[in-house]
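Listed here are the chains, written in short residue letters.
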Amino acid sequence: MTQLSLIRKLCRAITIDGKRRVLLSGSIHYPRSTAEMWPDLIRKSKEGGLDAIETYVFWNAHEPTRRQYDFSGNLDLVRFIKTIQAEGLYAVLRIGPYVCAEWNYGGFPVWLHNLPDVELRTANKVFMNEMQNFTTLIVDMMKQEKLFASQGGGPIIIAQIENEYGNVMGPYGAAGKAYLDWCANMADSLHIGVPWIMCQQSDAPQPMIDTCNGWYCDSFTPNNPNSPKMWTENWTGWFKSWGDKDPLRTAEDLAFSVARFFQTGGTFQNYYMYHGGTNFGRTAGGPYITTTYDYNAPIDEYGNLNQPKWGHLKQLHDVLHSIEETLTHGNISTIDYNNSVTATIYATEKGSSCFLGNANATSDATVDLHGTKYTVPAWSVSILPDCKSVAYNTAKVKTQTTVMIKKKNQAEDEPSSLKWSWRPENIHNTVRLGKGHFQTHQLLDQKDAANDASDYLWYMTSVHLKKNDPIWSDNMTLRVNGSGYILHAYINGEYLGSEWAKYGIFNYVFEKSVKLKPGRNLISLLSVTVGLPNYGAMYDLIEAGVVGPVELVGYKGDERIAKSLSANKWSYKIDLNGLDNQLYSLDSSHASKWQEGDLPTNRMMTWYKATFKAPLGKDPVVLDLDGMGKGFAWVNGHNIGRYWPSYLAEEDGCSTEACDYRGPYDNNKCVFNCGKPTQRWYHVPRSFIENDVNTLILFEEFGGNPARVNFQTVSVGSVSGSVIEGDTIELSCHGQPISAIEFASFGDPQGTPGSFSKGSCEASKNAVSIIEKACVGKENCKIEVSKNVFGSTNCESSHVNTLIVEALC
């Protein structure tokens, strides 16, 4: 990488080494992938036309216990930044240290919440001291390795302090504004020599630069006229939550948003996410954020190119880079054609570049520019590098569509080859004896009691009843107000029932009929969190666990008598015995006594164990957990995350037709997967797998059947492309040979991948034979689409001939 000069803030661009730049960036979060994946992910990002990689820094991952730090393995931030540098890319370091990111507790360690007299994200000395300590730690670490651009060659060109505070600061009042000013002064005092940004902060104090996050940021204007127009999060898709459908943002709409941003003076644009990755372990937040964080990004969860999104954006990036000089130095003029149609001309003495934008969601437009007429499809932007010829239109996807498939593990017969052993989770001491770690005479917030050491917290109390007690009757219930977000209840060692919340509504009432006995009755409640909240004003104060009241209720005719247990003496036990004893670890001295045969199914609180051989090849590995309920999975001791395939996506509201890219997008516009498991497939990085025998451990909380569990690999199944006459079609099986041509037609073919058909007119030559000769047996191929190659068609003269090809890999 060339030596970088001090980066200066300019109205129209960011200057690096004296050269004005428009920068394209993509978010990759280092803990959501493995260190072994980083070089390939970053290389594919560079090949996709990116200049920079943007990442958050995760406080709770690096300081899980106060003043005890972890920068090992996937948390090796320095290694990640140096991997970016090795590929010749820049880095944007979003320290925060609040990150949101659908990450557990927004990236804050829960011990921070439990410090005496602390208030988070406001003018509070305890919090600010901890925040400054961590921010300074990260900055000093980067300085020590000379990773800031100002140090003569480092890749970090931008850093961020705080994150989206402007969205939520109102309720914090004057203390919020004081905190914001403190953040700016604290960051500035660290003298990193590159700009600090504050996204979604319209009142960002100088010298902080406010930036935009959202689906579209073309209308965004920074609060300082001397600041560049920056877009830190262009949402390439959306995250998934348990019980929700799969969102999809089309390549056409995403490209439209980018082109509009640069048409209107943008200088830095970052994709959130460019690679989403996986929420391993307990890192998913929300609550109820899934283990997958694929985000419909240009590079998918497993590291494969998500086509056509990756390729369509790459072509856009190439065009934007080709006119960088004009964009950053040209005089700007705009022509308004009405009906949301505009032309923007960037002109220098050397030449001009033009954008033709049509933001109308329904009507194509004909634009007369300098005496030449151009058709601009609805909801699209055309880019003319020389203001004469259209080099790119956001609505015209010329790159291939890739369909990924899952293949059975060829190293062994699946799924019957998985031979299971099992053992029950030992809950005897808790549900029958009420033994815990500590006691109080009140109900505790689960964050306070467990300090985020586990998803699981037992609340146990006993109640003594006599038959002459006012509540005693033949009709008694246990009533619990919870916010856990799951509750399992036991009375005198017997399972009573369970309750769990729906996404977005986490307070619930559990009430079940109980049979109590005269004398002592033990009530054991297992509260389960599924990621702590990560967003919103004072989100850190949202209660979790058995928040109360807890009551025994007796019904006598129309009379209802309640006995509160909230102020009882409660005993607490953090975690489950199996987790505490690390049954998932091959080195655990407790990981014995596994039982063979009589495999129980649909049984709560059960551990399962199996061995498997490493899948052949290098394709990404996924674990199919169809048939299981909810729990955790480990491969060779690596926690691959929470699983919950029994939680089905909502039955209604899915898109029944292909997504229409036209018109404003949000995460409810194009959704799929109704009525199916929210997440069935779970990524197992190759680095977690040994060459010979591997061990899979499942902890099943709800009850499931492991008979259908198996390992598969993800690979390219087919590729297809649609190109008009005069263009070139390119097909690639991404490292595999093209094995066959499933469909090819030149004329007016119809349909979508997997269901293409010939139209009413076609070329005289056999398109399948032509494509087979050019492509079969090759990893990639390129063919000119013309009548010279495919022959004349019997289509009407006004028709624009199209070639559609579908190839198997």
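Look a little higher up for the structure.
Residues numbered from 1 in each chain as written. Predicted model: local features only at pLDDT ≥ 70, side-chain atom pairs only at ≥ 80, totals over all residues. Heavy atoms only, no water.

Colleague: Would you mind going over the sheet that holds strand β29 (residues 550-556) with me for this structure?
Modeller: Through backbone hydrogen bonds, the strands of a sheet pair up, either in parallel or in antiparallel fashion. The antiparallel open sheet is built from 4 strands, whose spatial order is β27-β24-β29-β30. Where the open sheet ends on each side, the last strands, each with one partner, are β27 (508-514) and β30 (559-564). The mean inter-strand angle of the sheet, taken between neighbouring strand axes irrespective of direction, is 25°. Here strand β24 (residues 476-482) pairs with β27 via 7 bridges, running antiparallel. Its bridge partner being in β27, Gly482 is matched across the sheet by Tyr508. (Pairing = 2+ DSSP bridges. Helix = DSSP H or I, 4+ residues; strand = E, 2+ residues; numbered from the N terminus. Axes fitted to C-alpha atoms, helices over the stretch in contact; angles between N-to-C directions.)

Colleague: Could you clarify how one ought to interpret unusual backbone geometry in this entry?
Modeller: Note on backbone geometry: most residues besides glycine have negative phi, and most peptide bonds are trans. The residue after Tyr272, namely Met273, is reached through a cis peptide bond having omega 0°. Topologically, Met273 is positioned in strand β12 (residues 268-275). Cis rather than trans, the peptide bond between Gly548 and Pro549 has omega equal to 0°. Looking at the element boundaries, Pro549 is found in the loop between β28 (519-528) and β29. Positioned with a positive phi, Ser340 is a non-glycine residue whose angle comes to about 65°. Inspection of the secondary structure assignment puts Ser340 in the loop between β13 (331-336) and β14 (341-347). Residue classification places Ser340 among the partly exposed residues on the basis of a relative accessible area of 42%. In this structure, Asn673 is a non-glycine residue whose phi angle is positive, near 80°. Summarising the element assignment, Asn673 is placed in the loop between β37 (671-672) and β38 (681-684). (Buried < 20%, exposed > 50% of the residue type's maximum accessible area, 1.4 Å probe, protein only.)

Colleague: Please explain the environment of Ser498 as it appears in this structure.
Modeller: Tracing the sequence through the fold places Ser498 in strand β26 (residues 494-500). For Ser498 and Asn705, which are 207 residues apart along the polypeptide, the C-alpha to C-alpha distance reads 19 Å. Non-local contacts of Ser498, meaning those with residues more than four positions away in its chain, are made with Leu487, His488, Phe510 and Met604. A polar side-chain atom of Ser498 sits 2.6 Å from a polar atom in the side chain of His488. In this structure the side chain of Ser498 is engaged in a polar contact, spanning 2.6 Å, whose partner is the side chain of Tyr495. (Contact = heavy atoms within 4.5 Å. Polar contact = N/O pair within 3.5 Å; in protein donor to acceptor, adjacent residues only side chain to side chain.)

Colleague: Before we go on, may I ask you to explain the pattern of salt bridges in this structure?
Modeller: Applying the stated criterion across every chain, the model contains 35 salt bridges. Of the charged contacts in the structure, one is a salt bridge between Asp455 and Arg642, with a shortest N-O distance of 2.8 Å. Placement of the pair is Asp455 in the loop between α11 (446-450) and β23 (456-465) and Arg642 in strand β36 (residues 638-643), with a sequence separation of 187 residues. For Asp455, a relative accessible area of 1% puts it in the buried group. Here Arg642 falls in the buried class, since its relative accessible area comes to 4%. A salt bridge links Arg662 to Asp660; the shortest N-O distance between them is 3.0 Å. The class of Arg662 is partly exposed, set by a relative accessible area of 34%. With a relative accessible area of 34%, Asp660 lands in the partly exposed category. Connected via shared salt-bridge partners are Lys19, Arg21, Asp51 and Glu324. (Salt bridge = Lys/Arg side-chain N within 4 Å of Asp/Glu carboxyl O.)

Colleague: Would you explain the packing of helix α5 (residues 125-144) against helix α6 (residues 173-188) in this entry?
Modeller: Pairs of packed helices are described in terms of their axes, by the angle between the two and the distance that separates them. Running from N to C, α5 and α6 cross one another at 25°; their axes reach a closest spacing of 12 Å. Taken as axis vectors, α5 and α6 run roughly parallel relative to one another. In this structure, α5 meets α6 at a crossing whose hand is right-handed. Taken together, the residues of α6 that come into contact with α5 (itself represented by Phe127, Met128, Met131, Gln132 and Thr135) are Tyr179, Trp182, Cys183 and Met186. Partitioning the contact of α5 with α6 into residue classes produces 7 nonpolar, 2 polar and no charged. (Parallel < 35°, antiparallel > 145°, perpendicular 65-115°, else oblique. Left-handed = near helix turned anticlockwise from the far one by under 90°. Nonpolar A, V, L, I, M, F, W, Y, C, P; charged D, E, K, R; others polar.)

Colleague: Explain empty space enclosed by the protein to me, please; I cannot follow it from the model alone.
Modeller: Empty space among the atoms can be located by rolling a probe the size of a water molecule over them. Enumeration according to the criterion identifies 2 cavities of 30 Å³ or more in this entry. One number sums up the size of the largest cavity: a volume of about 50 Å³. Around the largest cavity, the lining residues are Gln446, Lys447, Ala450, Asp452, Ser454, Thr529 and Leu532. Split into classes, the residues belonging to the lining of the largest cavity amount to 2 nonpolar, 3 polar and 2 charged. (1 Å grid on protein atoms, 1.4 Å probe; cavity = no way out; pocket = protein on both sides within 12 Å on 5 of 7 lines; lining within 4 Å. Points joined across faces, edges and corners; volume = space filled by probe spheres on them.)

Colleague: Explanation requested: the layout of surface pockets in the structure shown.
Modeller: By volume, the second largest pocket amounts to about 1,000 Å³. Considering the residues around the second largest pocket, the lining is formed by 36 residues, among which Phe280, Gly281, Arg282, Thr283 and Asp452 are closest to the centre. Of all the secondary structure elements, the ones that give two or more residues to the lining of the second largest pocket are α2 (59-62), α4 (110-113), α12 (577-580), β35 (631-635) and β36. Residue composition of the lining of the second largest pocket, grouped by class: 17 nonpolar, 12 polar and 7 charged.

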